[in-house]
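# What the coordinates show
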Amino acid sequence: MSGKSSQAASLVKNALAEDGLILVLTGAGISAESGIPTFRGPEGYWTIGSRNYSPMELATRTAFDSMPEHVWSWYLNRRAFCHAASPNPAHAALVELEQALGDRFLLITQNVDGLHLRAGNSSSRTFQIHGCLDLIRCSEECSSAVYPVPEELGTTWEEGRELTAAELRLLRCPKCKALARPHVLWFDEYYDEARFRFESSLRAADKAAAFLVIGTSGATSLPLQIGERVAKRRTSMIVVNPEPNPFSALATQVPRSVFLEGKAGEYVPALVETVCGDRVGKHRTN
Ligand code: NAD
């Protein structure tokens, strides 16, 4: 283990000796090693007619209102891509961390790929603050209830495939029959508590004894607010990312914090192994 990795493990162990949460924030970077592209590369582009759309254009209410069937087709293809992927060792390590720490652990994820839950993190200790590709809800907001994507649509969807009229009819709100939408937070929308755990996430930031940030660029507002709150309280931060970003900048300002410059798979499993020690070893042999 490198000097910085040992320092990170000591920071988490010291935090465990105090009260408070080991708060983990993840972004698209933790799923990059499962083969799911982040939004920083060109992979997310989608062609409709003669035009290429970026994820930032398609993941909007405006796009959904003007071409719902195209936006649905893009989401069903993204969902299929995520279903074809598997959780990686960094996801597995966070499951071990939760099993070792119980209620001292809380995971806030920006990922909509569902890989944390598929790996085995519990839904009660995982806040999916940008939603999940496996869920739909009413586009007219008749309630904040969410429902699974209808089974009849399957879990595969090749790129460019459009929905048939019959498939579109399946995507209806079970309650009021209005068109259903993907349960994700779009770039032109706001966080709330009922659907995206906004206040609960900020409260968690105030209860953190250590803050582990993995694979996020810091381009979205709630994660940044959480980071700033944690930094203001001088809570130890451990930031894992191949590139410097606003979180690594915060980590350099806060005492007892460290920036682990590299991939999630390089640092997270080893960190968890060191932090959990015997408890992790015991769990693995069971
Ligand atoms: P982002 O695409 O903005 O940034 C990804 C970050 O991951 C970058 O900082 C990059 O340096 C880092 N990274 C790349 N490879 C890494 C690795 N192997 N290990 C660790 N870090 C790595 O992603 P974001 O910050 O999560 O935010 C963008 C938005 O896009 C979010 O709203 C998110 O919901 C959505 N998104 C989700 C997924 C997913 O669910 N897997 C994928 C793409 C985008």
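Look up a bit, the structure's there.
Residues numbered from 1 in each chain as written. Predicted model: local features only at pLDDT ≥ 70, side-chain atom pairs only at ≥ 80, totals over all residues. Heavy atoms only, no water.

Next up on the list: the overall build of the protein. Scanning the protein for helices and strands turns up 14 helices and eleven strands. Over its C-alpha trace the protein gives a radius of gyration of 19 Å, about what one expects of a compact globule, namely 19 Å for 286 residues. Each of the 286 residues in the protein was classed as buried or not, and the buried ones make up 52%. The long-range share in the protein, meaning contacts at least 24 apart out of those at least 6 apart in sequence, stands at 66%. (Helix = DSSP H or I, 4+ residues; strand = E, 2+ residues; numbered from the N terminus. Rg over C-alpha atoms; globule rule 2.2 N^0.38 Å. Buried < 20%, exposed > 50% of the residue type's maximum accessible area, 1.4 Å probe, protein only. Contact = heavy atoms within 4.5 Å.)

Phi angles above zero are rare outside glycine, and Glu141 is one such case at about 55°. By secondary structure assignment, the location of Glu141 is in the loop between strand S6 (131-138) and strand S7 (146-148). Even without glycine at this site, Arg197 takes up a positive phi of about 60°. For Arg197, the position within the fold is in the loop between helix H9 (193-196) and helix H10 (198-206). When its relative accessible area of 32% is taken as the criterion, Arg197 is described as partly exposed.

Position of Arg61 relative to the elements: it lies in helix H4 (residues 61-66). For Arg61, a relative accessible area of 22% puts it in the partly exposed group. A sequence separation of ten residues divides Arg61 from Val71, and the C-alpha atoms of the two residues are 9.7 Å apart.

Turning next to the site of the ligand. Inspection of the region around the ligand gives 25 residues, with Gln110, Asp113, His130, Thr216 and Asn241 positioned closest. Taking Gly29, its main chain carries an N or O atom lying 3.4 Å from a nitrogen atom of the ligand. Between the ligand and Gly215 there is a distance of 3.2 Å, counted from an oxygen atom to a backbone nitrogen or oxygen. When residues in the shell around the ligand are grouped by element, the largest group, four residues, is from helix H2 (residues 28-32). Its residues placed into classes, the shell around the ligand shows eight nonpolar, eleven polar and six charged. (Near = heavy atom within 4 Å. Polar contact = N/O pair within 3.5 Å; in protein donor to acceptor, adjacent residues only side chain to side chain. Nonpolar A, V, L, I, M, F, W, Y, C, P; charged D, E, K, R; others polar.)

Within the largest apolar cluster, 31 residues are counted, with the highest numbers of intra-cluster contacts made by Val24, Leu94, Leu97, Ile214, Ile238 and Val268. Mapped by element, the contributors of at least two residues to this core are helix H1 (3-16), strand S1 (21-26), helix H6 (89-101), strand S4 (105-109), strand S9 (208-214), strand S10 (236-241), strand S11 (258-261) and helix H13 (264-276). Tallying contributions element by element places H13 first for this core, with seven residues. Setting aside residues up to four positions removed in sequence, Ile238 forms contacts with Ala8, Leu11, Val12, Phe211, Leu212, Val213, Val258, Leu260 and Leu271. Membership of the second largest hydrophobic core comes to 30 residues, among which are Ile36, Tyr75, Leu153 and Trp186. (Core = buried A, V, L, I, M, F, W, Y, C linked by side-chain atoms within 4.5 Å.)

Throughout the structure, instances matching the rule amount to twelve salt bridges. Residues Arg125 and Glu98 are paired through a salt bridge, measuring 2.7 Å at the closest nitrogen-oxygen approach. Residue Arg125 is located in the loop between helix H7 (115-119) and strand S5 (126-128), and its partner Glu98 is located in helix H6; the two are separated by 27 residues in the primary sequence. Within this structure, Arg137, Glu141, Arg181, Glu189, Asp192 and Arg195 form a network of salt bridges that share partners. (Salt bridge = Lys/Arg side-chain N within 4 Å of Asp/Glu carboxyl O.)

This part takes up H13. Given a rise of 1.5 Å per residue, 13 residues ought to cover 18 Å, and the 17 Å separating the end C-alpha atoms of H13 matches this to within 8%. Of the residues making up H13, those classed as buried are Ala264, Tyr267, Val268, Leu271, Val272, Val275 and Cys276. End-on, the buried residues of H13 take up no more than an arc of 130°, which puts them together on one face. Among the residues trailing H13, Gly277 stands out with phi positive, at a value near 45°. (Expected span 1.5 Å × (residues − 1). Arc of directions from axis to C-beta.)

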